[in-house]
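# Examining the three-dimensional arrangement
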Amino acid sequence: MEHVRAIELNGFGGPEVMALTDAPDPVPGHGEVLVEVAAAGVNRADLMQRQGLYPPPPGASELMGLEVSGVIAELGDGVSDWRVGDRVCGLLAGGGYAEKAVVPAAQLLPVPEGLDLGAAAGLPEVAATVWSNLVMTAGLRSGQLLLVHGGGGGIGTHAIQVARELGARVAVTAGSADKLRRCAELGADVLINYREDDFVATVRAEGSGADVILDNMGAAYLARNVDALADFGHLVVIGMQGGVNGELNIGALLRKWGTVHATNVRSRPATGHGSKAEIIAEVRRHLWPLVADGSVVPVIHAEVPLAEAAEAHRLMDSGDVFGKVVLRVQEL
Ligand SMILES: NC(=O)c1ccc[n+]([C@@H]2O[C@H](COP(=O)([O-])OP(=O)(O)OC[C@H]3O[C@@H](n4cnc5c(N)ncnc54)[C@H](OP(=O)(O)O)[C@@H]3O)[C@@H](O)[C@H]2O)c1
């Protein structure tokens, strides 16, 4: 059996449990392709998986890594719309921290001409998360106000650009003046330092509140997010950095005709209603042209060699990151 270099977990814990190893070559099944991996995106979910808090869904690779870029090396049965040699990036349920990864064909996106494969590895997860939540779930449209918590994160830096392109106004929270300044360069209009400012008051001062809130904090911000919503507003919770058990004031939500959503991408079905395939198809149709013409760019804080993946996790843990961290697996 052939082997590939990969990062495995020797138990759960800090970054020190991560080690470079030889893993068996993955084999593409029906509807899947084998990708020779150039780079893999690092996600907060990987850090949780490393700590034993976020196991891969049943049937997924035990290796970390939810997104890769690279070149198609082999097609599984039933794949007709891609060719060996195509430059792609894509979403996977696990297995990205390796020289080869299996990706469902319906979760692939073409890497536009001129876009570096390293940078492209940082796009699939943020593109799928941001488009599915802002547009497909919350219906964000031109003229509305979006509040993005964690504007300087991987998700935040992408959400600012997408909302700007949709013609929405964007308010962001971040933990430092420097990150807020950089969010403004990406197109954020209202800058809120969550360590110093009251985001509810700031957003309300902009008019009637936020039409859409993209939230990473969960329980800790639930009550304040409801207070910051405009009438008919949508609060979309995608992260639980502030805990899972919050108290919802239904009266406050009801008086605004508001909606609270909570969603993830990783454990969605592969195909059918609400699936990853459906999201990727929408991303390809509506968002990818903006990536191809450079209106929406990957924001990459650092590219770290695969063998130093533990350093990449330490960097993410430090909070000293603007945008995404990617692992460079090999030059292709
Ligand atoms: N549901 C899904 O499908 C899905 C998909 C991808 C990601 N996510 C989640 O979305 C969140 C963001 O992901 P990411 O990849 O962008 O992670 P990331 O790059 O690590 O960003 C985390 C962000 O959290 C911000 N933050 C920390 N404390 C905060 C506070 N008190 N108030 C507001 N913001 C605060 C940080 O801001 P500062 O650096 O300025 O402190 C940083 O921007 C994570 O919770 C992740 O798990 C969910």
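The name given to the chain in an unreviewed UniProt entry is Putative PIG3 family NAD(P)H quinone oxidoreductase, and the organism recorded there is Nocardia tenerifensis.

## Observations concerning the site of the ligand
Around the ligand there are 29 residues in total, and G150, G153, I155, G175 and G239 lie nearest to it. For the shell around the ligand, the secondary structure elements donating two or more residues are α1 (44-50), α3 (124-137), α4 (154-166) and β9 (169-174). If one sorts the elements of the shell around the ligand by residue count, α4 sits on top with 3 residues. Its residues assigned to classes, the shell around the ligand shows 9 nonpolar, 17 polar and 3 charged. Counting the residues that make up the shell around the ligand, at least three belong to each of domain 1 (3-122 + 298-328) and domain 2 (126-262).

## Details of the UniProt feature "domain: Enoyl reductase (ER)" (unreviewed entry) in the chain
UniProt tags residues 13-327 as "domain: Enoyl reductase (ER)" (unreviewed entry). Here residues 13-327 is 30% helix and 27% strand, with 20 Å between the C-alpha atoms at its ends.

## Brief notes about the environment of V296
Considering the arrangement of structural elements, one finds V296 in the loop between α9 (276-292) and β14 (300-305). When the C-alpha atoms of V296 and A270 are compared, they prove to be 26 Å apart, with 26 residues separating the residues in sequence. Each residue touching V296, except ones within four places of it in the same chain, is listed here: Q161, V162, E165, L287, L290 and V291.

## Describing the pairing of strand β12 (residues 229-237)
Burial runs high along β12: 7 of the 9 residues are buried. As judged from the 5 bridges shared by strand β11 (residues 210-215) and β12, these two strands associate in the parallel manner. Residue pairing for β12: I213 is matched across the bridge by L235. In this view, the connection linking β11 to its parallel neighbour β12 by way of helix α7 (residues 222-228) has right-handed handedness. Judged from the 4 bridges that link them, β12 and strand β13 (residues 259-262) form a sheet pairing that is parallel. The partner of H234 across the bridge, within β13, is T259.

## Concerning the sheet that holds strand β10 (residues 190-193)
Judged by pairing direction, the sheet is parallel, and its 6 strands sit side by side in the order β10-β9-β8-β11-β12-β13 without closing on themselves. The strands lining the two open edges of the sheet, one partner per strand, are β10 and β13. Taken over all neighbouring pairs, the strand axes of this sheet differ in orientation by 15° on average, direction set aside. Docked against the sheet, α3 engages β8 (145-149), β11, β12 and β13, running at close to 155° with respect to β11.

## Some words on helix α10 (residues 309-318)
Listing the buried residues of α10 in full gives A309, A312, H313 and M316. Taken end-on, α10 shows its buried residues confined to a sector of 100°, consistent with a single buried face. For α10, the elements touching its buried residues are β1 (3-9), β2 (18-24), β3 (32-42), α1, β14 and β15 (324-328). One or two positions beyond α10, positive phi appears at G319, with a value near 80°.

## A look at the nonpolar core
Proteins that are soluble and globular tend to have nonpolar side chains buried together. Within the largest apolar cluster, 101 residues are counted, with the highest numbers of intra-cluster contacts made by L134, L146, A210 and L327. Tallying contributions element by element places β3 first for this core, with 8 residues. A domain-level breakdown of this core finds at least three residues from each of domain 1 (3-122 + 298-328) and domain 2 (126-262). In contact with L146, not counting residues within four places along its chain, are L134, L140, A163, A168, V170, A210, D211, V212 and L214.

Rules and cut-offs
- Residues numbered from 1 in each chain as written.
- Predicted model: local features only at pLDDT ≥ 70, side-chain atom pairs only at ≥ 80, totals over all residues.
- Near = placed C-beta within 6 Å.
- Helix = DSSP H or I, 4+ residues; strand = E, 2+ residues; numbered from the N terminus.
- Nonpolar A, V, L, I, M, F, W, Y, C, P; charged D, E, K, R; others polar.
- Domains from an automatic or database assignment.
- UniProt positions renumbered as here; feature names shortened; annotations may be inferred.
- Contact = placed C-beta atoms within 7 Å.
- Buried ≥ 20, exposed ≤ 12 C-beta atoms within 10 Å, placed from the backbone.
- Pairing = 2+ DSSP bridges.
- Right-handed = clockwise from strand over helix to strand, strands pointing away.
- Axes fitted to C-alpha atoms, helices over the stretch in contact; angles between N-to-C directions.
- Arc of directions from axis to C-beta.
- Core = buried A, V, L, I, M, F, W, Y, C linked by C-beta atoms within 7 Å.

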